[in-house]
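Listed here are the chains, written in short residue letters.
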Amino acid sequence: MAVEFLATEMDTAVRVVHLASSLCVKVQDKLRLPSSTNGHVKSKDDDSPVTVADWGVQAIVSWVLAQVFGGQNLSIVAEEDTESLSKAESLGLLGTVSSAVNEALSEASTYGLPKPDKPLGTTEILEAIGRCSSVGGPKGRHWVLDPVDGTLGFVRGDQYAVALALIENGKVLLGVLGCPNYPVKKECLSNGCNNQSGAAGSVTKGCVMYAKRGSGQAWMQPLIPGGYPESATLLKVSSVDDPVLATVCEPVERANSNHLFTAGLANSMGVRKQPMRVYSMVKYAAIACGDAEVFMKFAQSSYKEKIWDHAAGVVIVEEAGGVVTDAGGRNLDFSKGVYLEGLDRGIIACSGQVLHEKIIGAVYASWESSSL
Ligand SMILES: Nc1ncnc2c1ncn2[C@@H]1O[C@H](COP(=O)(O)OS(=O)(=O)O)[C@@H](OP(=O)(O)O)[C@H]1O
Ligand SMILES: [Mg+2]
Ligand SMILES: [Mg+2]
Ligand SMILES: [Mg+2]
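Because the structure is a prediction, the values reported are computed rather than measured. (Residues numbered from 1 in each chain as written. Chains lettered and ligands numbered in written order. Predicted model: local features only at pLDDT ≥ 70, side-chain atom pairs only at ≥ 80, totals over all residues. Heavy atoms only, no water.)

Caption draft 1: Examining the UniProt feature "binding site: Mg(2+)" (unreviewed entry) in the protein more closely. Here, UniProt's "binding site: Mg(2+)" (unreviewed entry) annotation points to Glu-79, Asp-146, Asp-149 and Asp-309. Look at the named residues: they lie 231 residues apart in sequence, but the longest C-alpha span between them is just 9.3 Å, so in the fold they bunch up. In the annotated set above, the residues contributing to the lining of the largest pocket are Glu-79, Asp-146, Asp-149 and Asp-309. By relative accessible area, Glu-79 is classed as partly exposed at 25%. The contact partners of Glu-79, leaving out residues within four places of it in the chain, are Lys-44, Gln-58, Leu-145, Asp-146, Pro-147, Val-148 and Trp-308. A distance of 3.0 Å separates the side chain of Glu-79 from the side chain of Lys-44, its partner in a polar contact. Within the secondary structure, Asp-146 is located in strand S4 (residues 141-149). (UniProt positions renumbered as here; feature names shortened; annotations may be inferred. 1 Å grid on protein atoms, 1.4 Å probe; cavity = no way out; pocket = protein on both sides within 12 Å on 5 of 7 lines; lining within 4 Å. Buried < 20%, exposed > 50% of the residue type's maximum accessible area, 1.4 Å probe, protein only. Contact = heavy atoms within 4.5 Å. Polar contact = N/O pair within 3.5 Å; in protein donor to acceptor, adjacent residues only side chain to side chain. Helix = DSSP H or I, 4+ residues; strand = E, 2+ residues; numbered from the N terminus.)

Caption draft 2: Spatial organisation of the site of ligand 1. By nearness alone, 19 residues border ligand 1, and Val-252, Glu-253, Ser-280, Lys-283 and Asp-309 come closest of all. Separating an oxygen atom of ligand 1 from a backbone N or O atom of Gly-150 is a distance of 2.8 Å. Within the side chain of Asp-309, one N or O atom sits 2.5 Å away from an oxygen atom of ligand 1. Contact with the protein chains removes 86% of the 640 Å² of surface that ligand 1 exposes when unbound. Of the pockets mapped on this structure, ligand 1 occupies the largest pocket. A total of three residues in the shell around ligand 1 trace back to one element, the largest contributor, which is S4. Taken together, the residues that form the shell around ligand 1 break down as eight nonpolar, four polar and seven charged. When residues of the shell around ligand 1 are assigned to domains, at least three map to each of domain 1 (6-188 + 203-235) and domain 2 (243-369). (Near = heavy atom within 4 Å. Areas by Shrake-Rupley, 256 points an atom, 1.4 Å probe, with all protein chains shown as cover. Sits in = over half its atoms within 2 Å of the grid points. Nonpolar A, V, L, I, M, F, W, Y, C, P; charged D, E, K, R; others polar. Domains from an automatic or database assignment.)

Caption draft 3: Summary view of the sheet that holds strand S14 (residues 347-350). Read across the sheet, five strands follow the order S11-S10-S12-S14-S13 without closing on themselves; strand pairing throughout is mixed. The two strands at the open ends of the sheet, each matched to only one other strand, are strand S11 (276-277) and strand S13 (323-326). When strand S10 (residues 248-250) meets S11, the two strands line up parallel, connected through two bridges. Across the sheet, residue Cys-249 finds its bridge partner in S11, namely Met-276. (Pairing = 2+ DSSP bridges.)

Caption draft 4: Structural context of the nonpolar core. Among the nonpolar cores identified, the biggest contains 58 residues, and Trp-143 and Val-176 are the most heavily contacted of them. Counting residues in hydrophobic clusters, the runner-up holds 48 residues, among them Val-237, Leu-332, Phe-334 and Ala-349. (Core = buried A, V, L, I, M, F, W, Y, C linked by side-chain atoms within 4.5 Å.)

Caption draft 5: View of the coordination of the magnesium ion (ligand 3). On the protein side, the magnesium ion (ligand 3) has Glu-79 (OE), Asp-146 (OD) and Val-148 (O) as donor atoms, found 2.0 to 2.2 Å from it. Separating the magnesium ion (ligand 3) from the magnesium ion (ligand 2) is a gap of 3.6 Å, which Asp-146 spans by donating to each of them. With Glu-79 in the loop between strand S3 (76-78) and helix H4 (91-105) and Asp-146 in strand S4, this residue pair connects regions lying 67 residues apart in the sequence. Asp-146 sits in the buried class, given a relative accessible area of 1%. (Donors = N, O, S within 2.8 Å, 3.2 Å for Na, K, Ca; no water.)

Caption draft 6: Layout of the packing of helix H1 (residues 7-31) against H4. Packing of H1 against H4 brings their axes to within 10 Å, and their N-to-C directions diverge by 135°. Taken together, the axes of H1 and H4 are oblique relative to one another. The chirality of how H1 crosses H4 is right-handed. Here Leu-19, Leu-23, Lys-26, Val-27 and Lys-30 of H1 come into contact with H4, specifically with Ala-100, Val-101, Glu-103, Ala-104 and Leu-105. Residue composition of the contact of H1 with H4, grouped by class: seven nonpolar, no polar and three charged. (Axes fitted to C-alpha atoms, helices over the stretch in contact; angles between N-to-C directions. Parallel < 35°, antiparallel > 145°, perpendicular 65-115°, else oblique. Left-handed = near helix turned anticlockwise from the far one by under 90°.)

Here it is as structure tokens:
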């Protein structure tokens, strides 16, 4: 029997995102306790937050990938580094990361993953985090990880995602998104969901979505406490192609996307609904499972989008039947290293070609009129 292409990579990635998501759920629960907030969240040089969960997830994903695929030629491009965590004054924080990592890894076998013989020491944890400093590029295989995407949402008790992808020769081969707070309709988890009925069913929280390039399939599993689920459901994008009925999602923070510009675009296309503002790559998840039709992000022109903020989401949306391009209609280029170099203005993800063409048209029209 032929060995399925990327079977071990896909299986390991999905399992480790389940494990990582369980770490995040525990840390976010602790953040809700007023007493522990300060010990779990730090500010980076650009004033963005980083938490015990960001470092903890990066450590366990890096450690597991090294166990399964060997540390020697492993290339991981990930958001966090060890600079602030290795400072003498961060000893307490490092201890908290270490506890979270070892607690999660002690359950690794429940997820079908390798488990360390004894708890990892802080040196091993720093090594695992620090190993993720690859810069990617056009050749070879690179794992791409955003340990917690939407850290602001995470800290605020809101939406966030764990995002892991594999890039080979500049192409995203597979993507996995852990969305621990995503409200999933129960019928979607059991029967598949095309968002056709519109009936309000019961909702459960948390899922992992994944897809392999070229498979034409994207899948969703429920997040279940303390274990790996047995079933997965096929995802399908929404069939809505009338802007009047479309839901548009975008970043929460004004600093991250031009809300005024996207409101103008939406209005000129005939969109009626208020935008759905959601933290993190959960926006891609919403498109993939048919809960929204459009995701737009127009960052300031000085900002360069990073590959870990998009790789997993793009392949999941595309395999679920959607379209993702920049505002000029070109595919995102994951081959140039850490940044999405050459990105034309912004990112547009859609459930289908019809809406996508309308948005690209609206971008051209509004750009021309704004530069008259
Ligand atoms: N100035 C600016 N403009 C655009 N994007 C930025 C900017 N600064 C940061 N980032 C990246 O945005 C990631 C969060 O994106 P979101 O879509 O979740 O934005 S929002 O929090 O809902 O506003 C966020 O990801 P995380 O750091 O993983 O949370 C950043 O990589
Ligand atoms: Mg991110
Ligand atoms: Mg992040
Ligand atoms: Mg960040």
